[in-house]
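# Per-entry structural report
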Amino acid sequence: MPNVILDFEKPLLELENRIAELKQYAGDKGIDLAAEINILENRLRELKKEIYENLTPWQRTQLARHPERPNALDYFNLLFTDFLPLCGDRCYGDDPALVGGIARFEGVPVTVIGHVKGHNTKENLARNFGMPNPEGFRKALRLVQQAEKFQRPVISLVDTPGAYSGAGAEERGQAWAIANNLFAFSRLKTPIIVIITGEGGSGGALALGVGDVLLMLENSIFSVISPEGCATILWKDSQRAPEAASALKLTASELLSLGLIDGVIPEPLGGAHRDPKGTADNIRAEIRQRLQELRQIDAEQLVAARWSRLRRICGF
Amino acid sequence: MLKDLFRKQKRYITVQPGTAPEHEEEKEPLWIKCPDCGEILYVRELEKGLKVCSKCRYHFRLSAPERIAATVDDNTFQELDGDLKAVDPLSFPAYRSKLSSAEQETGMRDAILTGQGAIEGRPVLIGVLEPNFIMGSMGCIVGEKITRLVERAIKSKLPVILFSASGGARMQEGVFSLMQMAKTSAAIARLHEAGILYVSVLTDPTTGGVLASFATLGDIILAEPGALIGFAGRRVTEQTLKEKLPPDFQTAEFCFNHGLIDLIVPRNEMRQILAQILSLHSERG
Ligand SMILES: [Zn+2]
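Not measured: the values here are computed from a predicted model.

The rules we used
Residues numbered from 1 in each chain as written. Chains lettered and ligands numbered in written order. Predicted model: local features only at pLDDT ≥ 70, side-chain atom pairs only at ≥ 80, totals over all residues. Heavy atoms only, no water. Domains from an automatic or database assignment. Contact = heavy atoms within 4.5 Å. Buried area = accessible area lost by both parts, 1.4 Å probe. Salt bridge = Lys/Arg side-chain N within 4 Å of Asp/Glu carboxyl O. Polar contact = N/O pair within 3.5 Å; in protein donor to acceptor, adjacent residues only side chain to side chain. Nonpolar A, V, L, I, M, F, W, Y, C, P; charged D, E, K, R; others polar. Donors = N, O, S within 2.8 Å, 3.2 Å for Na, K, Ca; no water. Tetrahedral: all angles 85-135°; square planar, octahedral: opposite > 155°, others 65-115°. Helix = DSSP H or I, 4+ residues; strand = E, 2+ residues; numbered from the N terminus. Buried < 20%, exposed > 50% of the residue type's maximum accessible area, 1.4 Å probe, protein only. Pairing = 2+ DSSP bridges. Disulfide = S-S within 2.5 Å. Expected span 1.5 Å × (residues − 1).

## Considerations on the domain arrangement of chain A
All names here are of chain A.
- Examined at the domain level, chain A breaks down into domain 1 (7-54) and domain 2 (61-312).
- Just the C-alpha atoms count here: the centres of domain 1 and domain 2 sit 37 Å apart.
- Contact residues are listed per partner, giving five residues for domain 1 and five residues for domain 2.
- Counting the surface domain 1 buries against domain 2, the share from its top three residues, F8, E9 and Y52, is 72%.
- Linking domain 1 with domain 2 are one salt bridge, by the criterion used here.
- Between R274 and E9 there is a salt bridge whose closest N-O contact spans 2.9 Å.
- Where domain 1 packs against domain 2, one counts two residue pairs in polar contact (both at pLDDT 80 or more).
- Its residues assigned to classes, the side of domain 1 that touches domain 2 comprises two nonpolar, no polar and three charged.

## Overview of the coordination of the zinc ion
Residues and elements named next belong to chain B.
- Those donors, C34 (SG), C37 (SG), C53 (SG) and C56 (SG), are the protein atoms that reach the zinc ion, and they lie 2.2 to 2.3 Å from it.
- Coordination at the zinc ion is tetrahedral: its four donor atoms span angles of 107 to 112 degrees at the metal.
- In primary sequence terms, the donor set of the zinc ion follows C-x2-C-x15-C-x2-C. Taken as a pair, C34 in the loop between β1 (31-33) and β2 (40-42) and C53 in the loop between α2 (43-48) and α3 (64-71) lie far apart in primary sequence, 19 residues in all. The two residues C34 and C53 agree in class, both being buried.

## Brief notes about the pairing of strand β4 (residues 112-119) of chain B
Residue and element names in this part refer to chain B.
- Among the eight residues that make up β4, seven are buried, leaving the element largely enclosed by the rest of the structure.
- Relative to β4, strand β3 (residues 78-79) runs antiparallel, the two sharing two bridges. Note that in β4 the partner of E79 across the bridge is G115.
- One ladder, built from eight bridges, connects β4 with strand β5 (residues 122-129); its direction is antiparallel. Bridge assignment links Q116 to a residue of β5, and that residue is L125.

## Re the pattern of salt bridges
- Under the criterion given, the structure shown has 37 salt bridges over all chains.
- Between R69(A) and E267(A) there is a salt bridge, with the nearest N and O atoms lying 2.7 Å from each other. Here R69(A) is found in the loop between α3 (57-64) and α4 (72-79), whereas its partner E267(A) is found in the loop between β8 (263-265) and α13 (276-294), with 198 residues between them in sequence.
- In this structure, R288(A) engages E106(A) in a salt bridge whose closest nitrogen and oxygen atoms are separated by 2.7 Å. With R288(A) in helix α13 and E106(A) in the loop between β2 (98-105) and β3 (108-115), this residue pair connects regions lying 182 residues apart in the sequence.
- Put simply, R311(A), D81(B), E144(B), R148(B), E151(B) and K183(B) are held in one network by salt bridges that share partners.

## Let's talk about the state of the cysteines
- If you walk through the whole model with that rule in mind, you get one disulfide over all chains.
- Paired by a disulfide, C314(A) and C140(B) hold their sulfur atoms 2.0 Å apart. Taken together, the residues span two chains, with C314(A) in the segment after α14 (299-312) and C140(B) in helix α5 (residues 140-156). Just as C314(A) is buried, C140(B) falls in that class too.
- Not part of a disulfide, C255(B) finds its nearest cysteine sulfur in C91(A), a span of 17 Å.

## Considering helix α6 (residues 134-149) of chain A
Residues and elements named next belong to chain A.
- Compared with the 22 Å implied by 1.5 Å per residue over 16 residues, the 23 Å span of α6 between its first and last C-alpha is a close match.
- Among the residues making up α6, those that are buried are P134, E135, G136, F137, K139, A140, L141, R142, L143, V144 and A147.
- In this fold, the buried residues of α6 make contact with β2, β3, β4 (154-160), α7 (167-171), α8 (174-185) and α9 (202-206).

Okay, here's the thing in structure tokens:
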């Protein structure tokens, strides 16, 4: 069981606790309660399906932001071997909110980049809650340009509330850094696979989000603004974030039907944090297949196709 | 034709009650108070002076048609893709009514005016964001019209000038609007590969997703004095930092001092500077 239980998961927790109590009681008293326990376990299974298969956009937002949800470093460990972190933007500093490096995916060298949120307050403070400064985006740019030079595919994992909005970020050209990534990623002559694993927050997400394939984990979100921010602007009330989450169409399945992403990667029941390894297995299968397809396309064609995918969005 | 566009613009100035007596026959105010220095300005004089306060040089915002008129040679502007009208791809709450009131207020179909014109006789493709249309925000149509303008530039080998004035991405179009950041930036990347000049002019205000895409990708980036230019809203930043920020934070001057833009150009010199840039790029060195 995860340490953090979301509100809508509480009925599950109660049921799980009752089953545990009954088991304990049966053991202590030497009474056979197998039939009762069996009934409750069946109900638990049904309730789990009922809850997790009918998640509202707001509930998915909560899952996408779950503190125990695997972050990019967790996935790097689960998906790749020989991960070598590479640091710094060669200009200002190294940004712990955005990590990258070289690794092997099933033996093949790849460049990997991703936002990193912490799993607790201490980690979050160290990682700036996964909100990059300009130097983070510039490091990512440096690494993908290196990937192009050495003909390595790029795997980009997106999970950020957004780009950091601090005075230093403004001074160092936050907007310039994001725009430069959009510009450069769009012409990069090597395959780029983008997977939104948690929170795809606006420009800070998009700065790692231009590629040949854009995939989302089932319980991840992708949005132009946070539901709280949207509710504040629309209704001057951040408490109405659940409504805003529905209006924004930020879930993977909605974005797939709107034609804005290329695929949804299923998560184990209850979300990625309940089974990181199972989630990674699903991601691995998807990367394997997509890489195989993309590596057959020559670089010029790849870049042309990347452009037409973007060109089509709201093309009239 | 340009004059017609001008006439649709009625609401570019907010009248301060009590300080700006209205003329009896016209609805347009005769006088306006400068928000910066408090000087009472005669509207007709203000318009003759490109809407710059004669006392303190405060630059009032220009509507898109006013900007075109102030920038291109008389009778040279031909609008492109004027038929494209804002869309509501998510059926977003209250968006349609917001669009129709924006349309009524500005006489525009979305937050951008694009076309071809000439500056000192040199042909140029020009796009101007309309700050009064849902804060000049970028959704599908703004992204599409910029992309079409850039595609036309690649085909015709004409330089591109984009004037930005925008609150950022259009929230009501969700990820469709977010992806216009990627689409316009990718279009500019193709323009770059084609070796064609792109001048970006940042005017008050240029923020958010517009600043974080095509607006900061110019070969040359100019800004008007005093313009608000920043990625995150000042309030957001102050909340994040829980401290007061310097008074020039996120202004054109702040960006210039941090090496983020090439030049700050006062409005009365803008045409001349643009003409000089076009001239310097009219032949290879
Ligand atoms: Zn003044």
